[in-house]
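Working through the structure, step by step
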Amino acid sequence: MSEEHIYRPRRSYTSMAYLGALVALLFAWELGRGFAWSIFFFLVIALAFSTTNLYWATSHVELTPTGLTCRRRLAASLHIDFRQIVSVAETGRITTGISLVYYPLADNGLIDLDNPRSLFLPGMERQD
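Residues numbered from 1 in each chain as written. Predicted model: local features only at pLDDT ≥ 70, side-chain atom pairs only at ≥ 80, totals over all residues. Heavy atoms only, no water.

1. A closer look at helix α2 (residues 37–57)
In an α-helix, one full turn covers 3.6 residues, which means residues spaced three or four apart are oriented alike. What counts here: Put simply, DSSP H or I for four residues or longer makes a helix, DSSP E for two residues or longer makes a strand, and each gets a number counted from the N terminus. By definition here, a helix of n residues has an expected span of 1.5 Å times n minus one. Residue contacts are defined here by distance: any two heavy atoms, one from each residue, within 4.5 Å place the two residues in contact.
For α2, which comprises 21 residues, the first-to-last C-alpha distance of 30 Å matches the rise-based estimate of 30 Å (1.5 Å per residue) to within 8%. Summarising the contacts, the buried residues of α2 are in contact with α1 (11–33).

2. Structural notes on the side chain of E62
Stated precisely, the cut-off is as follows: Remark: exposure states derive from per-residue accessible area (1.4 Å probe, protein chains only) relative to the maximum for the residue type, with buried under 20%, exposed over 50%, and partly exposed in between. Contacts described as polar in this section are N or O atom pairs within 3.5 Å, which, within protein, must combine one atom able to donate a hydrogen with one able to accept it, while residues neighboring in sequence count only if both atoms come from side chains.
Looking at where E62 falls in the secondary structure, it is placed in strand β2 (residues 60–63). Of the residues examined, E62 reaches a relative accessible area of 11% and is grouped as buried. One polar contact links E62 to R71, side chain to side chain, over a distance of 2.8 Å.

3. Quick word on the pairing of strand β3 (residues 67–71)
Here is the rule: Strands are treated as partners if at least two bridges between them are detected by DSSP.
Here β3 lies mainly inside the structure; 4 of its 5 residues are buried. Connecting the antiparallel pair β2 and β3 is a turn made up of 3 residues. Alignment of β3 against strand β4 (residues 78–81), held across 4 bridges, turns out to be antiparallel. Following the sheet pairing, T69 is matched in β4 by H79.

Take a look at the structure:
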């Protein structure tokens, strides 16, 4: 593998983010007509749903010859070498994503085997 491959998330995350925003607007409109705690509760859930899907829709993964780099909006990019990865699994039922378990690098550049970490990547286009 001599070139970098960039994988974008599936378009369904953008669609679900717009759908969540639309539902949140409907709950906000209903809340403006008369306050009720139940409507406020579902408004918060719709906003969380929309924000989560927007966060996943704006992330992408670059596959390099030595590893992968996950770039997400409002977060630092995370590079993981292939030698750090312990396991990779395709997870999820409706929208399948990739779940990674890896060992982080210590300050001296060696792999820290005492503190495994996990990373969930959303479903990507051309994921296979």
